[in-house]
Each structure stands twice: as structure tokens, then as C-alpha cells.
Amino acid sequence: MDLLSNLNPVQRQAVEHPGGPVLIVAGAGSGKTRVLTRRIAYLLEKGTSPMEIFAVTFTNKAAQEMKNRVSTLSHQDLFWVGTFHSICVKILRRHAAEIGYQNAFGIYDDQDQKAVIKDCLKELKLDSKDFKPVNVMNHISRAKDSLIGCEEFAKEAAGYHEEIIAKIYTMYEKKLKLYHAFDFGDLIMKTVYLFEENPKTLEAYQEKFRHILVDEYQDTNQAQYKLVKLLSEKHKNIYVVGDPDQSIYRWRGADIKNILNFEDDFEGTTVINMEQNYRSTQTILKASNHVISNNSQRKPKNLWTEREEGDKIAYYLSDDEQGEGQYVVESINHAIENEGKSLNDIVVFYRVHAQSRVLENALRRGKIPYKIIGGISFYSRKEIKDVMAYMKLTLSPQDDINLKRVINVPARGIGQSSIARLEERAMQQGLSLHDAILDAMDDPMVQARLKKNLSVFMQVVQTLTEKASDLTVTQLLQEVLRTSGYVEMLEAQDDTESEERLENVKELISATEEFEEEESEPTLANFLEQMTLKSHIDSYQDQDEQLTLMTLHSAKGLEFPYVFIVGFEEELFPHSNSSFESDELEEERRLCYVGMTRAEQRLFLSGAQMRRLFGERTPKSPSRFLAEIPTEYVEFNSASHYTPTWNPEDDDMLYNQDHGNTAVEVVQVPVSVGFEEGEQVTHPEFGVGQIQEVSGEGASANYSVLFVRYSEPKLLSAKYARLTKY
DNA sequence: CGCGTCACTCATGAA
DNA sequence: GAGTGACGCG
């Protein structure tokens, strides 16, 4: 196949670039995946070895797809392809010993991290009310994202609160080292640290990686930036693709400056702008462009398309969240029955997972099969974490977090007070809990009954460890289930919850079997590592006839013919936690932009007038992002206006509740009508401004308003603008 | 020690 | 509405 076929001139330039730093600013739907894979295939064709290519993707799924595509194009297999995390694991597995860890380290997820932090709080006798584990964890993780180790953190700590966090951070690091574990942040930070400490190792990798490619560069953090900066110093072939308008992981340490300053950071950068969108209709693209143009911190760009104008964006204002669910169900049925769509063509996005429940109920009632991406992942379920903890212990018995997790699961008569005493012993002697238990078992002062209970547990661990090396992962798992008595425990409980847990454990067996079939090196360490680094989206498959539900954050990189974004309301989207600071609000807007630009043909937005929150019915107003879409692109409907395209007879009580006594229109959105050009107005959010231009009439009018606080005029719709005379 | 109950707190997003 | 900690009983 010709590697340059079906590419536009800009894409072709990107694929054929001779080398050196390249920044590709790739707008939504501009074909960046195609460019990236062709680029790699092109490099291979020009004689680069697959081992010399270091390519970072945002998810493992994307990495797999890239591998497959490259393999199809070039019949060569890439090796250094994956997320930052998975690539760094590969490096650390070979070199961790050089920085004082063992190469067989464990990986802690956020649950494990929290458990360690809780232990630190206990040991430091701190009140977990003043120092919430989640909060401390975020501090530590953000520090690691910025390559700030605990010593430096301690040095720069200002004020009591930070000083305490520094103490916790220091103890946390000590514990992780004792447990031979890395957390997510470590995977990147410690790799950078390795390179900084060992110039020889760095040089070897610098030499090796002739070409470095990074996708979704707008969502890299400082540690990741430093990593690619270091690695690219020799050959200077750093090729990054991203879109500042789609940076949505600031809260996870992503630094949008990485992409904004790329040209300055890497001398001789070629910037390539890919602005032709091949995905969405004119209407969807223009509407999205309007929304994102409200961000002040942005490089303007002009994303355009040759595609047809397409349908207007549908906006539906329901009475409450139930009505919204109903609307989604009906619209989906309509799309399937009358517009030739299948469930695979449709996706529903929401801002927070909590919104899924109401939708699920509506979908179940409507007999629409669905799957949810994200939420509580399979691998963070208690039973799965428990069983995996046993397997992890066979690799590293010193891992106290995993040891404590299962020492009394199933119950072995080793309760909290006993564990506390053992921990005390461990701390005093500077031992891991595992070694402290061994020590206690030789101590005549320790109760015989406790010793017996402890030896039962230690026997389990020992038996498993001995067998582990001779068994496949599946066999070990089955051995765990038998020896630990876990299955027995679940069977004895005999209620719906334990039945479900049993099912999940069985599903884990399928997972190990699948892993063994697919993997060339199906070791236990590989399995555990893959499961920990797996992302929600990685397990997403679109084969089945099912509707997909996910958060907007998971939406990145995907596209669907029909897209629903529900909960288009103030406080929910933009989320209330993000509406104070303008940086955060702009990130919410980018999230909105990401969501909207996923749509190829039709976009459905919806919100409710009343929503049950914290168990209370709360009045809601439409999202400000709605007001940022010119009304000419939108078809408005509300519960009272809405003309059902289905037969009301077929429906259940929900419908009647919604429509039973609503002869009167109840749209409670403040309407700002009758303003004229030049008039002074105020807006609750934007402050004082002047009307520059009026288009349309009455409630469907649009005002272009120049607010004092903003340099660009804002386009507001009369229906939602909440304008008053100044 | 283990288990159940009850009150209490606290609300995003995720590799 | 969920997850957690305190408390008290068997």
C-alpha cells in the first residue's frame, strides 16, 4: 500500500517530514491517528528499525491499534509502543535496581496509595479529618507529576499544612520502598530519576530511540515532558501530536504549557497545523468552534470541513432527570427505527459517573442493551483486589499493603487489635509486617492462639509462593481460590452480593485464560502489571449491538455518528467544583468541546429543570455552554413543547408523569428580550457590557455583547443569557 | 474477635 | 446516596 495515498497535502507533509522536532497541532477529527501510523510506517520504510521507535499513546487500546496498523502497513512489529506508564514499566523492569529498588517491583493504584497514606497518618498520629487521605494523595501525586521528590517538597513546604504533608510524603516514600512498590506517579518520576542518576543508561536509550513520537501531547505532565526531552536530546527527532483545545487532564497534572511552549523548548521546530476536519457536519463543527472560542487562553485556529451542513443540534429541556432519561431512550429508538442507526452508532456522554444510574434505569425500561465504560472498574472491586493481593504476595511477600488486605480475609481470627500490635512491632524493629510476623511467631510472649492463627495465614502464603513458579497464572489463581478459602467464604455467605462476587472471581479466571492465550510471555508479573495499568477504555469493544455510556473524559479520541451529552446544566457541566477559577472553567469548556466534536452526524444535548441531588430536588439552569452555541444551529425542545414521535399509548407511567398535567408551558428559563444595539446590560456571570449586534427576534434572538471584563464579544442567546438593563 | 447496626460525612474526572 | 468509623452484642 502506498503510504501517502488518501492524504491531504498537510498530512502528507507531516508523514514525510525529514526529521527534527515536529509539533503537529491536530484539530478534532483531522486525521491525526492516520498521520501517526503512516509516519511510523514511513520511518520503517526509510530503514528505521522498529526497536528504534518510541511511541507514546494515551491508552493501551490506542497502542494496540497502532501496533496492529503499523504491522499491517509494514509487516514489522513495534516494541516501544504504549502509554507513558507502560513504557516506563518496561524500562524500570530492567533498571530499577540501579536506583535502589528491585526490578521485580509491584505497582500501587490509588486505592493502595490511600491505604499507605492512612498508615502514615496513623503512625504520625494525625487526624484523618485534618488531613484527608485523598487530599494528601493528590498533593503527593501532583508533586510527582512535577518531579518534586519528598526532600524537595519538604524544603519548599510553606506553612504548617504543607510541612505535615511533606512529613507524610517522606514516610510514604519510605514505605513504598520497603514494599518494593511504585505508584503511578513513580513510574514516570523514577524513570526520569534513573536517567538523571545514571548517564550511561540514559545515553544508551538516547542512542537507541532514534524517533520519539507522542500522541495527545496536550495532556502530558511535566515529568513526561522531561522524559521525552531527555530521550530526544541525541537524535532530536521528537514528533508530537496534540490539540491544546482538547487538554482535559489538568487535574491529573497535565500541563498545557508543554504544547503551547513546544516551539521554544525544542529548537528548530516545524509546526504543522491540521485544520481540516473529516468527521463532523458543518453545524456541529461551527457550533463547537463557537463554544471553544470563548476560552481566552488559547491559540486561535480555524477548523473547517467540506462536509454537508447536516441537522441542527437538538437541545431538550426535560422536567427532571427521569424525563431526560426518557428523552434519550425515545430519541435512540427513533434513530434506530427511522434513521437507520444501530446502537453501535450511538454514545451517551455525561460529566460524572453518578449520572449513569438514572440513564440505566430508563434504558432497562426501554429494553435498550447498554454497556458502561469506567466507573468502578472490574479490577478495583474488593473481591478482585483481594484475590490479586494473594497472587501479588507470592511475588513480594514484603508488600504490607497487600498482606494486610488479606491476612484476615477470609476470617482467620487475626483482628484489628492483633494487626495493630504486629505493626507496632514492625515499626520498632524496622521490619516489614511480614518479617515482624515471623519474628512474633518465635516470641514466647505472644499468645499461642494468635500464633496459631498467624501460622495458618503464613502457611497459605508460603504454599502459594512455593507453587507459584511452576504454575501458569490461571493455575495459580485457582490455587489461590482453593488454598486461601476465598471461594468457600463466598459460598458460605450465600446472598446476592456474595453470588455476584463469585461471578466476578470466575470472570477473573477468564481474564487470566485470555491473557495466557494472547501474551507471548504470560508471566504473573506481566499479568498483574497489565491489570493495574489497564484503562477503562482499554476493554472497550464495539462488536456487540450495545449502546455505550461513558464520561466525557473517556471520550477522548473516539467518534460516533450520534452523540448525546446529558446533564447540560450549570453546576453539573461546567461542574460546580470547576466554576470558580477561570483556568478550571476553561478546562470544562474544552471538555465540552471534546464531547461535541466526537459527533459525526447528529448531536443531542439535554438538561433537566429539576434534578435530584444529595437526595433533594434542586432547580437547575441550562449550561452556559448552551448559550455559547449560536441559536441558529440549535433546535430547542422542552418537556412541554416536545412532540413525541412515538406512540404515547405504548409507554409507561413515567411518560404520564411527565405530561399528565402540563397543558401550561413551564419553561423556567429567564428570557432576555427586547435589547437593542448599543444598550448597556449586565450579566450575572460576565458583568457589565454593551450590546454590539442583535440577530433574530424575540426569544430566539442572539446578542453579541462586549463585556468590560473581556476583550472579545460574547454571543449570547436571548433565551438563556440572563441579561438585565444596566 | 467478628459481625451487624447506626450515625456521620462527603460528594469530578483516572493511568 | 455511598463509604466509613464508632459502638455494642454474641
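These figures come from a predicted structure and were not determined experimentally.

Aromatic ring pairs are reported here in terms of the distance separating the ring centres and the angle at which the planes meet. Throughout the structure, instances matching the rule amount to 22 aromatic pairs. Pairing Tyr249 with Trp251 gives two aromatic rings, centres 5.4 Å apart and planes at 40°, and the pair type is tilted. In textbook terms, an aromatic cluster arises when at least three aromatic residues are bridged by ring pairs, as seen for Phe54, Phe79, Trp80, Phe195, Tyr205 and Phe209. If you follow Arg93 out to its NZ or CZ, it ends over the ring of Phe105, 4.0 Å from the centre.

The pLDDT averaged across chain A works out to 86; a share of 89% of its residues lies at or above 70. Counting contacts from residues 641-671, a segment whose pLDDT is below 50, to residues more than four positions away or on other chains yields 43 contacts.

As a further point, take the state of the cysteines. Enumeration according to the criterion identifies 0 disulfides in this entry. Of all cysteine sulfurs in the structure, the one in Cys120 sits closest to Cys150, which takes part in no disulfide; the separation is 11 Å.

Our next topic: the protein's contact with DNA strand B. Close contacts around DNA strand B come from 26 residues, with Arg351, His353, Gly413, Ser417 and Ser418 the closest. Within 4 Å of the protein, the atoms of DNA strand B are drawn from sugar and phosphate moieties in a proportion of 46%. In this structure, Asn408 approaches DNA strand B through a side-chain N or O atom, which is 3.3 Å from a phosphate oxygen. A distance of 3.3 Å is found between a phosphate oxygen of DNA strand B and a backbone nitrogen or oxygen belonging to Ile414. Broken down by class, the residue content of the surface near DNA strand B amounts to 7 nonpolar, 15 polar and 4 charged.

Now for helix α16 (residues 356-365). Taken together, the buried positions of α16 are Ser356, Leu359, Glu360, Ala362 and Leu363. One face of α16 carries all of its buried residues, which in axial projection span an arc of 165°.

Turning our attention to the pattern of salt bridges. Scanning all chains against the criterion turns up 44 salt bridges. Measuring nitrogen to oxygen at the nearest pair gives 4.0 Å for the salt bridge that ties Arg250 to Glu581. Of this pair, Arg250 sits in the loop between β7 (238-242) and α12 (257-260) while Glu581 sits in the loop between β15 (560-565) and α26 (582-596), and the two are 331 residues apart along the sequence. For Glu581, a relative accessible area of 40% puts it in the partly exposed group. Linked through salt bridges whose partners overlap, the residues forming this network are Lys32, Asp215, Glu216, Asp219 and Lys556.

So, about the nonpolar core. Of all hydrophobic cores here, the largest spans 48 residues; its most connected members are Met388, Met391, Phe457, Leu508 and Phe527. The leading source of residues in this core is helix α21 (residues 448-468), at 8 residues. Ignoring any residue separated from it by four or fewer positions in sequence, one finds Met388 in contact with Tyr379, Leu508, Phe527, Leu528 and Met531. Ranked by size, the runner-up nonpolar core spans 41 residues in total, among them Ile91, Tyr205, Ile259 and Phe266.

Looking now at a negative patch on the surface. On the surface, Asp494, Asp495, Glu499, Glu500, Glu503 and Glu507 cluster together into a negatively charged patch. Relative to the helices and strands, Asp495 is located in the loop between α23 (486-493) and α24 (496-518). Under the relative-accessibility criterion, Asp495 is labelled partly exposed at 36%.

Turning our attention to the packing of helix α4 (residues 84-95) against helix α11 (residues 222-231). The description of two packed helices rests on the angle between their axes and on the distance between the axes. One can describe the packing of α4 onto α11 by two numbers: an axis separation of 12 Å at closest approach and a directional angle of 55°. Relative to α11, the element α4 is oriented oblique. Crossing handedness for the pair α4 and α11: left-handed. Contacts from Phe84, His85 and Cys88 in α4 reach Gln224, Leu227 and Val228 in α11. Split by residue class, the contact of α4 with α11 holds 4 nonpolar, 2 polar and no charged.

The next subject is the sheet that holds β7. Judged by pairing direction, the sheet is parallel, and its 6 strands sit side by side in the order β3-β2-β6-β7-β1-β8 without closing on themselves. The outermost strands of the open sheet, each flanked by one partner alone, are β3 (80-82) and β8 (270-274). Looking at each pair of strands side by side, their axes are set apart by 10° on average, direction ignored. Note: strand β1 (residues 22-26) against β7, 4 bridges, orientation parallel. Looking across to β7, one finds that Val22 is bridged to Tyr239. Packing of helix α1 (residues 9-16) onto the sheet brings it into contact with β1, β7 and β8, and relative to β8 it is tilted by some 145°.

Now for unusual backbone geometry. Looking along the chain, the bond that leaves Val409 and enters Pro410 is cis, with omega of 0°. Inspection of the secondary structure assignment puts Pro410 in the loop between α18 (400-406) and α19 (416-429). At the junction of Phe573 and Pro574, the peptide bond is cis and its omega measures out at 5° in the coordinates. Within the secondary structure layout, Pro574 lies in the loop between β15 and α26. One non-glycine residue, Leu147, adopts positive backbone phi at about 60°.

Procedures and definitions
- Residues numbered from 1 in each chain as written.
- Chains lettered and ligands numbered in written order.
- Predicted model: local features only at pLDDT ≥ 70, side-chain atom pairs only at ≥ 80, totals over all residues.
- Heavy atoms only, no water.
- Phe/Tyr/Trp six-rings, centres within 6.5 Å; stacked < 30°, edge-to-face > 60°.
- Lys NZ or Arg CZ within 6 Å of the ring centre and 35° of its normal.
- pLDDT = per-residue confidence, 0-100.
- Contact = heavy atoms within 4.5 Å.
- Disulfide = S-S within 2.5 Å.
- Near = heavy atom within 4 Å.
- Polar contact = N/O pair within 3.5 Å; in protein donor to acceptor, adjacent residues only side chain to side chain.
- Nonpolar A, V, L, I, M, F, W, Y, C, P; charged D, E, K, R; others polar.
- Buried < 20%, exposed > 50% of the residue type's maximum accessible area, 1.4 Å probe, protein only.
- Helix = DSSP H or I, 4+ residues; strand = E, 2+ residues; numbered from the N terminus.
- Arc of directions from axis to C-beta.
- Salt bridge = Lys/Arg side-chain N within 4 Å of Asp/Glu carboxyl O.
- Core = buried A, V, L, I, M, F, W, Y, C linked by side-chain atoms within 4.5 Å.
- Patch = residues over 30% accessible without salt bridge, like charges linked within 9 Å, V, L, I, M, F, W, Y side chains within 5 Å.
- Areas by Shrake-Rupley, 256 points an atom, 1.4 Å probe, with all protein chains shown as cover.
- Lys, Arg positive; Asp, Glu negative; His and termini not counted.
- Charge placed at Lys NZ, Arg CZ, Asp CG, Glu CD.
- Axes fitted to C-alpha atoms, helices over the stretch in contact; angles between N-to-C directions.
- Parallel < 35°, antiparallel > 145°, perpendicular 65-115°, else oblique.
- Left-handed = near helix turned anticlockwise from the far one by under 90°.
- Pairing = 2+ DSSP bridges.

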